[in-house]
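# Commentary on secondary and tertiary structure
Residue-level listing of the chains:
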Amino acid sequence: MTGLGAVFRPQLAPERLRSVAELADAAGLEELWLWEDCFREGGISTAAAALAWTERVRIGVGLLPVPLRNVAIAAMEAATLHRMFPGRPILAVGHGVQDWMGQVGARVESPVTLLREHLVALRALLGGERVSTEGRYVKLDDVALDWPPAGPVPVIAGVTGPRSLRLAGEVADGTLLTASTSPEGVRRARQLIDEGRESAGRAGAEPHPVVVYLLAATGPDAAARVKAELAAEGLASVPDLGVAGDAGTVAKAVQRLADAGADTVVLQPTGDEPDPEGFVRFAAEEVRPLVP
């Protein structure tokens, strides 16, 4: 079965999160995803609150920019969430928007090198290992978590470029793709991820799930809102991005991404979505029954 989720966008004030999270939980939505966009809301703080307010929905953070976090702190926070709410957090890490990283003095010369070092160390720490490493960016001296997760937890890489997609296949447990990814883009990403898995000798290992955002809107002004957002992102001329319409139309767009290789599709409302709670209800109660 294709997984289905929705995004709580950080254009909404943090105090709006509780009602959306509780509705997602009650409506049976599988996943609710949060963003850590500069300079809006913190990913770990919002995830902890959403997990505490709910009982069953999985809470994803997509993504945590690695230049902003020492890997030991990232591991401590991730492990804490996984121990308090086993099986429900989903954490993705990635390069972050480079302009934003530059604004806070965290931009690095080689984002791919940093992400590789961070992913390797983070997965080892969360696996209960004691880690010493002297990388270009990640430096640890005999570090181990006192409270690692009770069992294995996946670390997902949120990436877009070819080198980073291959890296995700090499060292991550899954990949998160943005809403600028068409079905053909998902196929290409899968190919690059598989190349990375092959080069690392992981081709026969555990499955590598792919999660992709899908810009979506419903209601009388849905098409205009999707068109405006794609234009604002400079994506108006890219085919097969975004979907506007009723549940059947949205479900077909989800299925196209699933057929291309996505394991989970997360519906991303437009930044000006007038009814976030209604959008979550639409995803859970109307779209989900139509997605096999």
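Worth saying up front: this structure is predicted, and the values here are computed from it rather than measured. (Residues numbered from 1 in each chain as written. Predicted model: local features only at pLDDT ≥ 70, side-chain atom pairs only at ≥ 80, totals over all residues. Heavy atoms only, no water.)

## Overview of the overall build of the chain
To keep it simple, the criterion reads: Comment: elements are numbered from the N terminus, with helices defined as DSSP H or I runs of at least four residues and strands as E runs of at least two. With the radius of gyration taken over C-alpha atoms, the globule rule is written as 2.2 Å times the number of residues to the power 0.38. Burial here depends on accessible area, computed with a 1.4 Å probe over protein chains only, as a share of the maximum for the residue type. Under 20% is buried, over 50% is exposed, and the range in between is partly exposed. Contacts are residue-level and defined by heavy atoms, with any inter-residue pair within 4.5 Å sufficient.
Each helix and strand in the chain was counted, giving 10 helices and 11 strands. In terms of C-alpha radius of gyration, the chain reaches 18 Å, essentially the compact-globule figure of 19 Å for 292 residues. Taking the principal axes of the C-alpha coordinates as reference, the chain spans close to 60 × 40 × 40 Å. With 292 residues in all, the chain has 54% of them scored as buried. The contacts in the chain between residues at least 6 apart in sequence include a share of 75% that link residues at least 24 apart.

## Topic: the pattern of salt bridges
Cut-off, in case you're wondering: Whenever Lys or Arg places a side-chain nitrogen within 4 Å of a carboxyl oxygen from Asp or Glu, that contact is recorded as a salt bridge.
Scanning all chains against the criterion turns up 21 salt bridges. One salt bridge connects E30 with R288, and the closest N-O pair in it is separated by 2.8 Å. Taken as a pair, E30 in the loop between α1 (17-27) and β2 (31-34) and R288 in the segment after α10 (276-287) lie far apart in primary sequence, 258 residues in all. Residues E77 and R69 are paired through a salt bridge, measuring 3.7 Å at the closest nitrogen-oxygen approach. Owing to a relative accessible area of 17%, R69 belongs among the buried residues under this scheme.

## Thoughts on the side chain of T46
Along the chain, the position of T46 falls in helix α2 (residues 43-53). Owing to a relative accessible area of 10%, T46 belongs among the buried residues under this scheme. If near-sequence neighbours (up to four positions away) are discounted, T46 is found in contact with L17, L34 and E41.

## A look at the pairing of strand β8 (residues 174-177)
To be explicit about the condition: Clockwise travel from the first strand over the helix to the second, with the strands pointing away from the viewer, marks a crossover as right-handed. Note on pairing: DSSP must find at least two bridges between two strands before they are called paired.
Burial along β8 is two-sided: G174 and L176 and T175 and L177, pointing in opposite directions, are all buried. Each parallel crossover has a hand, and the one from strand β7 (residues 156-158) via helix α6 (residues 162-171) to β8 is right-handed. Looking at chain direction, β8 and strand β9 (residues 210-217) are connected through 3 bridges and run parallel. From the neighbouring strand, T175 faces β9, where its bridge partner is V210.

## A word on the environment of G151
With respect to the helices and strands, the residue G151 is situated in the loop between β6 (139-143) and β7. As for G151 and R83, which are separated by 68 residues in sequence, their C-alpha atoms are 9.1 Å apart.

## Describing α10
As a reminder of what qualifies: Multiply 1.5 Å by the residue count of a helix minus one, and that product is the helix's expected span.
Under the 1.5 Å per step criterion, the end-to-end length of α10 is 15 Å for 12 residues, consistent within 8% with the ideal 16 Å. Counting buried positions over the 12 residues of α10 gives 9, a clear majority of the element. Within α10, the full set of buried residues consists of P276, E277, G278, F279, V280, F282, A283, A284 and V287. Among the structural elements, β1 (3-8), α1, β9, α9 (247-260) and β11 (264-268) are those in contact with the buried residues of α10.

## Overview of the environment of V212
Considering the arrangement of structural elements, one finds V212 in strand β9. Owing to a relative accessible area of 0%, V212 belongs among the buried residues under this scheme. On a C-alpha basis, the gap between V212 and D146 in space is 34 Å, while along the polypeptide they are 66 residues apart. Beyond its immediate stretch of four places on either side in the chain, V212 contacts L177, T178, T181, V186, L257, A262, T264, V265 and V266.

## Focus on the side chain of R288
As a reminder, the rule being used: Nitrogen and oxygen atoms within 3.5 Å of one another constitute a polar contact, given that in protein one can donate a hydrogen and the other can accept it, and given that sequence-neighbouring residues count only through two side-chain atoms.
Looking at R288, the relative accessible area reads 13%, which means it is buried. Side-chain polar atoms of R288 contact the backbone oxygen of T2, separated by 2.9 Å. Residue contacts for R288: discarding those within four places in its chain leaves M1, T2, G3, L4, E30 and A283.

## Some points on the environment of G94
Here G94 is to be found in strand β4 (residues 89-94). Sequence separation of G94 and G201 is 107 residues, and the distance between their C-alpha atoms is 23 Å. Discounting residues that sit within four places of it in the chain, G94 has contacts with L63, L64, P65, V66, P67, L115 and G158.

## Overview of a nonpolar patch on the surface
Note the threshold: Like-charged residues are merged into a patch within 9 Å and nonpolar side chains (Val, Leu, Ile, Met, Phe, Trp, Tyr) within 5 Å, provided each residue has over 30% relative accessible area and no salt bridge. We get accessible surface area from the Shrake-Rupley algorithm with a probe of 1.4 Å; when it comes to residues, only the shown protein chains can shield them.
Taken together, the side chains of F39, L68 and V104 make up a nonpolar region of the molecular surface, amounting to roughly 270 Å² of accessible area. By the element assignment, V104 lies in the loop between α4 (98-103) and α5 (111-126).

Interpretation in functional terms is not warranted from these geometric data alone.
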